[in-house]
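Chains, contacts and geometry: an overview
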Amino acid sequence: MPATTTGTDRPDLPALPTVWAPRRNRLVLLPASAVLILVFGGMAVILPASWQLNDRIMLTMLGLIFAGVGLMLARPKVLADADGITVVNFLRTRRLQWAEIVRVNLRQGDPWVTLDLTDGTSLAAVGIQPGGGREQAVRAARGLRDLAEAHGAASEPTTV
């Protein structure tokens, strides 16, 4: 493969591939989802005989729904590789080439990073959020910004 002149060999850039994800959220939500399934399933089994089968099934289904919401909330992450990034949010996943990213924003009070795109839209990157630690989120946003700039994507100044 020919050498690139985009500055991607800078030592201060995050190594590719890299993944940014709110680890504390996952650390809490994944076990909590498993506990919800066990508790609601266990309740459905040990309830008195006066409860009908459809009540037990619905109780189990309720536990599965609550666990599903927990798993959905644990899903966000941002994956960066040499070709671009994959933004995995609560319900949708979107693949972006580096050239599509104009700016990486994480302003004071923002719940997560926002990417300004070349088509004039913005995309929330929920996988990088200050909820798990402000300094960690700022480092991740700067790393993503630096990668976008190094791969020739950002033509405007960035905000972090």
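The coordinates are above.
Residues numbered from 1 in each chain as written. Predicted model: local features only at pLDDT ≥ 70, side-chain atom pairs only at ≥ 80, totals over all residues. Heavy atoms only, no water.

Some details on the pairing of strand β7 (residues 122–125)
Our working definition: Exposure is judged per residue with a 1.4 Å probe applied to protein chains only, and the accessible area is read against the type maximum: over 50% gives exposed, under 20% gives buried, and values in between give partly exposed. The way it works is that DSSP assigns letters per residue, a run of H or I at least four long becomes a helix, a run of E at least two long becomes a strand, and they are numbered from the N terminus. For two strands to count as paired, DSSP must find a minimum of two bridges between them.
Burial along β7 is one-sided: L123 and A125 are buried, and none of S122 and A124, which face the opposite way, are. Pairing of strand β6 (residues 113–117) with β7 involves four bridges; the strand directions are antiparallel. Residue pairing for β7: D116 is matched across the bridge by S122. Counted between consecutive antiparallel strands, the loop separating β6 from β7 contains four residues, among which G120 sits at a positive phi close to 90°.

Some details on the side chain of T86
For clarity, the cut-off: N or O atoms closer than or at 3.5 Å make up a polar contact, with two conditions inside protein: a donor-capable atom paired with an acceptor-capable one, and, for residues adjacent in sequence, both atoms drawn from side chains. We call two residues in contact whenever any of their non-hydrogen atoms come within 4.5 Å of each other.
One can find T86 in strand β3 (residues 84–88). Of note is the side chain of T86, whose polar atom sits 3.0 Å from the side chain of R95. Non-local contacts of T86, meaning those with residues more than four positions away in its chain, are made with K77, V78, L79, T93, R94 and R95.

Focus on the packing of aromatic side chains
What counts is decided by this rule: Any two rings among Phe, Tyr and Trp, with Trp reduced to its six-membered ring, count as a pair given centres within 6.5 Å; such a pair is stacked if its planes are under 30 degrees apart, edge-to-face if over 60, and tilted if neither.
Scanning the entire structure with this criterion turns up two aromatic pairs. Between F40 and F66, the ring centres sit 5.6 Å apart and the planes meet at 75°, which makes this aromatic pair edge-to-face. Of this pair, F40 sits in helix α1 (residues 23–46) while F66 sits in helix α2 (residues 53–73); the two residues are 26 residues apart in sequence, bridging distant segments of the chain. Accessibility expressed as a relative area gives 38% for F66, which makes it partly exposed. Relative to W112, the ring of F90 lies with its centre 6.4 Å away and its plane at 75°, an arrangement referred to as edge-to-face. Here F90, found in the loop between β3 and β4 (93–97), pairs with W112, found in the loop between β5 (101–105) and β6; they are 22 residues apart in sequence, far enough to count as distant. A residue is classified by how much of its surface remains accessible, and W112, at 27% relative accessible area, is partly exposed.

Quick notes on a nonpolar patch on the surface
As a reminder of what qualifies: Exposure above 30% relative accessible area and no salt bridge define the residues that can form patches, which grow by joining like charges within 9 Å and nonpolar side chains of Val, Leu, Ile, Met, Phe, Trp and Tyr within 5 Å. Surface accessibility in these figures is a Shrake-Rupley result with a 1.4 Å probe; residues are shielded only by whichever protein chains are displayed. Criterion for a salt bridge: a side-chain nitrogen of Lys or Arg within 4 Å of a carboxyl oxygen of Asp or Glu.
On the surface, a cluster of nonpolar side chains totalling about 580 Å² of accessible area is made up of I37, L53, I57, M58, M61 and L64. Counting residues per element, the nonpolar patch draws most heavily on α2, at five residues. Residue position: M58 is located in helix α2. Using a relative accessible area of 56% as the deciding quantity, one classes M58 as exposed.

A short note on the sheet that holds β5
Using the following cut-off: Lines fitted to C-alpha atoms define the axes here, with helix axes fitted over just the stretch in contact, and angles between the N-to-C directions of these axes take values from 0 to 180 degrees.
Spatially, β5-β6-β7 is the arrangement adopted by the three strands of the open sheet, whose pairing is antiparallel. Since the sheet does not close on itself, it has two edges, and those belong to β5 and β7, each with one partner. The sheet shows a mean angle of 25° between the axes of neighbouring strands, direction not considered. Packing of helix α3 (residues 134–150) onto the sheet brings it into contact with β5 and β6, and relative to β5 it is tilted by some 165°.

Thoughts on the sheet that holds strand β2 (residues 77–81)
Strand order across the open sheet formed by four strands is β1-β2-β3-β4, with antiparallel pairing between neighbours. Bordering the open sheet on either side are β1 (18–20) and β4, each of which pairs with just one other strand. Shown here is a sheet whose adjacent strand axes are inclined to one another by a mean of 15°, direction ignored. Relative to β2, β1 runs antiparallel, the two being bridged by three bridges. Each bridged residue has a counterpart across the sheet, and for T18 the counterpart in β2 is A80. Along the sheet, α3 makes contact with β1, β2 and β3, crossing β1 at roughly 140°.

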